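# Notes for the structure review
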Amino acid sequence: MQIIPFPKKSDWPALLARPTQSIANIEKAVAPILEKVRTEGDTAIRALTLQFDKIKLGEIAMPQATIDAAETLLSEELKAAIRQAYQNIRTFHEAQHQPVQKIETMPGVTCWRKSVGIDKVGLYIPGGSAPLFSTVLMLGVPAQLAGCREVVLCTPSDHPAILYAAQLVGVTKIFRVGGAQAIAAMAYGTESVPKVYKIFGPGNQYVTAAKMLLAKEGVAIDMPAGPSEVAVYADATALPSFVAADLLSQAEHGADSQVLLVSTDKKFLAAVNLTLSTQLEALPRKELARQAIENSKAILVETQEEAIELLNEYAAEHLILSVENAEAVSEQIYNAGSIFLGNYTPESCGDYASGTNHTLPTNGHARAYSGVSLDSFVKKITVQHITPEGLKEIGPTVEAMAEAESLQAHKRAVSLRLSSLK
C-alpha cells in the first residue's frame, strides 16, 4: 500500500479520486442495454444474459421449487445467523417509524404528515463471486416494515441463502436476471418482470450507470451505490492488525474497491503495511484484494484537524475511526455514509448484523446522500384541515398573497368561502 507523506491540499482531489472508469464510456455501453430491454422485453433479457453471463435462460422467474428448497440446503448455524441479523436490522429500522403529529399552525388550521409505503419496489442483489444475502436483509427489512405491497427481487444468483433471506423479508417475486438488464427490466417492465416505482441495490459501475441513466428519465432510485470503499483514520491507540483486517475486508469485494488509510503516525502506517501483506496472502480472494490495495493509499498527515478535513473531503462510504476519543472525533465528520467507532467496531458488523443499513452512498456521494433507511421505502403525504373559523383567520393572508402574485382564481377560491361565512 503506497504511503503518501504530507500531501499538499492542492493534491487532494487527485489523491482521493476513485479508481473508476470514465463515466461517459460506461454510460455509452449501458444505454443500448436499457433501450434493448425497453423495446424487446423478455427477449432482450435472455439475449443479454447469454451474451454477458453465458447462461441460457428458460423461465426468467426463479422456479418456486428452487425457492422452497433453499431452507433445506443451509446449515442450522447459518440460518440462525441470518435470523439474528434479520432481527437486529428490524429492531434498528423499526425505531425509525415516525408517529403522526398534528400541528395547529394557527387557530382552526391543522396540518400533518403521514408515511405511506411505496406500492412496488425493486431490489437488486449482485451475483458475482460472493452471494450477498446480507443485502437482501438490508433492503428487504425496511421494505417489509414500510408495508410495500409488491417487492420484486432481481439477482443472477440462485444461492440458497439469498432465497432464504428473501422469504424471511417477504419478497413477493424473484427473477433470475442480473446486471444493467435487471435494472432496465424493473424500470420499464417486461412480459415477466413487473415495472416498479423505485429501484434499490448496489452493483458494479455498469449497474450504477444504469440506475443513474434511468434516474434522468424520472425513475426513482435509492442512491448512486457502486464499488465498495472504506476509509480508516487511526492513531497510536489503534492496532495495526485490526486496521489491516478492516482494509482487506473491503478490498476483497473486488478490484474496483478502494481503501484509504489516514494517520498522523508514520510508524503506524509502516506497521499496517507489514501486517497487510501477511494477511493478504492468507485470503482466498487475495488476487482481487491485491488489485484493490494497489489502487489504494495510506496518507500521512501532520494533525488531527488535517485528517478530519481530508476525510470530509473524501466522503467515504464507510469510515472507521480507530482513534482516541473516537465519538468526539465523529462529531466533526459531516461527509460519510456510516461511521464505526473504536478498535472493536469492525465495519464487517455493519455489513452484516449490527442493525444499521449497509446500502450506502459511494464515490463521494455521501456529501449529499444518506444510506438506505425506512424513509427510503415510504412517501410522505401532507394533510391539512381548516375549519370555518380557521379560514376566517388565514383567508385574508392568502387573499393578499394571491392578489400580489396576480393569481385571481386562487384569491377567489378563498373569497367565495369567506363570503359564505358572513
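Everything discussed here concerns the structure shown above.
Residues numbered from 1 in each chain as written. Predicted model: local features only at pLDDT ≥ 70, side-chain atom pairs only at ≥ 80, totals over all residues. Heavy atoms only, no water.

### Structural notes on the pattern of salt bridges
One pass over the structure, following the stated rule, counts 15 salt bridges. Between Lys79 and Glu76 there is a salt bridge, and its shortest N-O distance comes to 2.9 Å. Of this pair, Lys79 and Glu76 both sit in helix H5 (residues 76-94), three residues apart, roughly one helical turn. When its relative accessible area of 6% is taken as the criterion, Lys79 is described as buried. The partner of Lys380 in a salt bridge is Asp375, and the shortest N-O contact between them spans 3.3 Å. (Salt bridge = Lys/Arg side-chain N within 4 Å of Asp/Glu carboxyl O. Helix = DSSP H or I, 4+ residues; strand = E, 2+ residues; numbered from the N terminus. Buried < 20%, exposed > 50% of the residue type's maximum accessible area, 1.4 Å probe, protein only.)

### A closer look at the pairing of strand E5 (residues 150-154)
The buried fraction of E5 is high, at five of five residues. In this structure, strand E4 (residues 120-124) lies alongside E5, joined through five bridges in parallel fashion. Looking at E5, one finds that Leu123 is bridged to Leu153. In terms of strand pairing, E5 meets strand E6 (residues 173-175) through three bridges, oriented parallel. Bridging across to E6, Val152 finds its partner in Lys173. Regarding topology, helix H7 (residues 160-168) serves as the crossover connection from E5 to the parallel E6, and that connection is right-handed. (Pairing = 2+ DSSP bridges. Right-handed = clockwise from strand over helix to strand, strands pointing away.)

### A look at the packing of aromatic side chains
Considering all chains together, one arrives at two aromatic pairs under this definition. Judged by centre distance (3.9 Å) and plane angle (10°), the rings of Phe200 and Phe377 are stacked. One end of the pair, Phe200, is in strand E7 (residues 198-200); the other, Phe377, is in the loop between helix H15 (347-352) and strand E14 (378-386), and 177 residues separate them in sequence. When its relative accessible area of 0% is taken as the criterion, Phe377 is described as buried. A ring pair is formed by Phe242 and Tyr344, whose centres lie 5.6 Å apart and whose planes are at 75°; its orientation type is edge-to-face. Residue Phe242 is found in helix H10 (residues 240-251), and its partner Tyr344 is found in the loop between strand E13 (336-341) and H15; the two are separated by 102 residues along the sequence. The cationic tip of Arg18 hangs over the ring face of Tyr314; the distance from NZ or CZ to the ring centre is 3.8 Å. Here Lys102 stacks its cationic end above the ring of Trp112, 4.3 Å away from the centre of that ring. (Phe/Tyr/Trp six-rings, centres within 6.5 Å; stacked < 30°, edge-to-face > 60°. Lys NZ or Arg CZ within 6 Å of the ring centre and 35° of its normal.)

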